[in-house]
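Coordinate analysis (summary)
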Amino acid sequence: MTAFFIHRDPKIFPDPLRFIPERWLLEPEDLRKLERYLVPFSRGTLGCLGPNMTWAWLYLVLGTLLRRFEMRLHNTTEENVEVTRDKFLGQTERGKNRVQIKVVREYP
Ligand code: HEM
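Residues numbered from 1 in each chain as written. Predicted model: local features only at pLDDT ≥ 70, side-chain atom pairs only at ≥ 80, totals over all residues. Heavy atoms only, no water.

- As annotated in an unreviewed UniProt entry, the chain carries the name Cytochrome P450 and comes from Aspergillus kawachii.
- You can read under Cofactor (unreviewed entry) in the UniProt record for the chain the words "heme". (UniProt positions renumbered as here; feature names shortened; annotations may be inferred.)

Right under this line is the structure:
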């Protein structure tokens, strides 16, 4: 199994490439079932050691950035995130693997 195919399986995550945060707004029982298929850190004895730290950083960093700044994508299109090559980790076309953000303003 790979996270790439699990996260893109429309039977598990309908319309998988669309940003639908509401897909996670479920009753606790259904949420638990769906979370079994969220596997960016892999699973099992060889799985990542850092999920808890990563979630903490994500909440802190994203929460801080989104509350503090209005941001727009800059010089970035779908091809900058579209996985087209298997390099053990999925990669974009050569040289495209980047996302740029421009700060439009800082919230008071
Ligand atoms: C977005 C952040 C991260 C992602 C998506 C991620 C994902 C992964 C994945 C997919 C593996 C391979 C698991 C396997 O071979 O089955 C892995 C291994 C590992 N990760 Fe992470 N990781 C992240 C952050 C971190 C952090 C912050 C730490 C440490 C604080 C960490 C420590 C490790 C270690 C030590 C392994 C090797 C585990 C082993 O082979 O026994 N990772 N990670």
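Quick look at the UniProt feature "binding site: heme" (unreviewed entry) in the chain
- What UniProt calls "binding site: heme" (unreviewed entry) maps, in this numbering, to Cys48.
- For Cys48, the position within the fold is in the loop between helix H2 (28–35) and helix H3 (51–68).
- We classify Cys48 as partly exposed; its relative accessible area is 42%. (Helix = DSSP H or I, 4+ residues; strand = E, 2+ residues; numbered from the N terminus. Buried < 20%, exposed > 50% of the residue type's maximum accessible area, 1.4 Å probe, protein only.)

Considering the site of the ligand
- All residues adjacent to the ligand are Pro40, Phe41, Ser42, Leu46, Gly47, Cys48, Leu49, Gly50, Met53, Thr54 and Trp57.
- In the environment of the ligand, an oxygen atom lies 3.1 Å from a nitrogen or oxygen atom belonging to the side chain of Ser42.
- Within the backbone of Leu46, an N or O atom sits 3.4 Å from an oxygen atom of the ligand.
- Classifying every residue of the shell around the ligand gives 7 nonpolar, 4 polar and no charged.
- Mapping the shell around the ligand onto the domain boundaries places at least three of its residues in each of domain 1 (1–49) and domain 2 (51–108). (Near = heavy atom within 4 Å. Polar contact = N/O pair within 3.5 Å; in protein donor to acceptor, adjacent residues only side chain to side chain. Nonpolar A, V, L, I, M, F, W, Y, C, P; charged D, E, K, R; others polar. Domains from an automatic or database assignment.)

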